[in-house]
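Here are the chains, one letter per residue:
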Amino acid sequence: MTKAVNSGPLASVSLFPVVAAALVDNDGRVLLQQRPLGKEMAGLWEFPGGKIEPGESPEAALIRELAEELGISVSLACLAPATFASASLGERHLLLLLFICRKWQGIPRAIEATALKWVRPVEMHALPMPPADRPLIALIEALI
């Protein structure tokens with residue numbers, strides 16, 4: 001689902017919509033995953049998630065991505081839309097939709113990521129994270 005932005009200085013840029021989850025445990029910590037070597041932005045810590053496939057709703061994409069990346073099952077009712085981030089990626093423009101999730105089935109494991117880490121939101125400021133994820137930290141701090 002790529003759409004061209006129709007006006008302004010980004011007229012030739014296409015939107016790249018992705019979804020991510022702030023999985024929050026009972027201690028108020030959030031799960032981050034480390035991007036694997038060989039991928040763009042390797043080594044950076046990010047919220048788990050991924051791209052929305054054609055014909056998928058954001059929620060369906062996030063449920064699929066969390067199963068693929070972490071091996072967990074999430075119910076649609078457990079996803080709460082929180083905020084979004086917008087970042088230029090050259091000829092594409094990333095639109096990241098962030099959901100908060102406090103309930104899931106299974107134990108998250110690093111299937112595609114190099115590592116997983118549970119951190120308090122305040123600790124995220126010191127971690128290397130993708131530019132689109134950084135502005136989300138303050139909101140997560142306020143929400144949880």
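In case you missed it, the structure is sitting above this.
Computed from a predicted structure; not experimentally measured.

Asker: Any chance you could explain the environment of R29 here in plain terms?
Answerer: The topology assignment puts R29 in the loop between β1 (14-23) and β2 (30-34). Considered as a pair, R29 and E68 are 39 residues apart in the sequence and their alpha carbons are 22 Å apart. Beyond its immediate stretch of four places on either side in the chain, R29 contacts L23, V24, W118, V119 and R120. There is a polar contact of 2.7 Å between the side chain of R29 and the side chain of D25.

Asker: Mind showing me how you'd approach the pattern of salt bridges here?
Answerer: Think of it this way: side chains of opposite charge can pair up when their charged atoms draw near. Counted under the stated rule, the structure contains five salt bridges. Taking the shortest distance from any N to any O, the salt bridge between D25 and R29 comes out at 2.7 Å. The salt bridge involving E65 is made with R64; its shortest N-O contact spans 3.1 Å. Assessed through its relative accessible area of 8%, E65 is described here as buried. Residue classification places R64 among the partly exposed residues on the basis of a relative accessible area of 21%. Ionic contacts of the salt-bridge type, sharing partners, join the residues E56, R64, E65 and E68 into one network.

Asker: How do you make sense of the packing of aromatic side chains when you look at a structure like this?
Answerer: Aromatic ring pairs are defined here through the distance separating the ring centres and the angle between the ring planes. Enumeration over the complete set of coordinates arrives at one aromatic pair. Between W104 and W118, the aromatic rings sit 6.0 Å apart at their centres with planes inclined by 15°, giving stacked as the arrangement. Pair noted here: W104 is in the loop between β6 (92-101) and β7 (116-119) and W118 is in strand β7, with a separation of 14 residues, a long-range link. In this structure, R92 packs its charged tip against the face of F16, placed 4.0 Å from the ring centre. Directly above the ring of W45 sits K117, whose terminal nitrogen or CZ lies 4.6 Å from the centroid.

Asker: Is there a simple way to explain the sheet that holds strand β5 (residues 79-89) in this structure?
Answerer: Through backbone hydrogen bonds, the strands of a sheet pair up, either in parallel or in antiparallel fashion. The sheet built from four strands is open, its strands ordered β4-β1-β6-β5 with mixed pairing. Both edges of this open sheet fall to β4 (49-51) and β5, since each of them pairs with a single strand only. Taking the axes of each pair of neighbouring strands and ignoring which way they run, one obtains an average angle of 20° across the sheet. Pairing geometry for β1 and β6, over 10 bridges, is parallel. By the bridge assignment for β6, P17 is matched with L95. Seen against the sheet, helix α3 (residues 136-143) touches β1, β5 and β6 and runs at an angle of roughly 165° to β5.

About the thresholds
Each residue is numbered by its place in its chain's sequence as written, counting from 1. Reporting of local features is limited, given that this is a predicted model, to residues whose pLDDT is at least 70; pairs of side-chain atoms are given and counted only at 80 or more, and all residues count toward the totals for whole chains, interfaces and linings. Hydrogens and waters are ignored; side-chain quantities use all the structure's heavy atoms. We count a stretch as a helix when DSSP gives it H or I for four or more residues in a row; a strand needs E for two or more, and each element gets its number in order from the N terminus. Residue contacts are defined here by distance: any two heavy atoms, one from each residue, within 4.5 Å place the two residues in contact. For this analysis, a polar contact is any N or O atom pair within 3.5 Å, provided that within protein one partner can donate a hydrogen and the other can accept it, and provided that sequence-adjacent residues contribute only side-chain to side-chain pairs. The term salt bridge refers to a side-chain nitrogen of Lys or Arg lying within 4 Å of a carboxyl oxygen of Asp or Glu. Here the term buried applies to any residue with accessible area under 20% of the maximum for its type, exposed to any over 50%, and partly exposed to those in between, with areas from a 1.4 Å probe on protein chains only. Any pair of Phe, Tyr and Trp rings, taking the six-membered ring for Trp, is counted once the centres come within 6.5 Å. Such a pair is stacked with planes under 30 degrees apart, edge-to-face with planes over 60 apart, and tilted for the rest. By definition, being over a ring means that NZ of Lys or CZ of Arg is both within 6 Å of the ring centre and within 35 degrees of the ring normal. Strand pairing is defined by DSSP finding a minimum of two bridges between the two strands. Each axis is a line fitted through C-alpha atoms, taken for helices only over the stretch in contact, and angles between the N-to-C directions span 0 to 180 degrees.

Read these as geometric descriptors, not functional statements.
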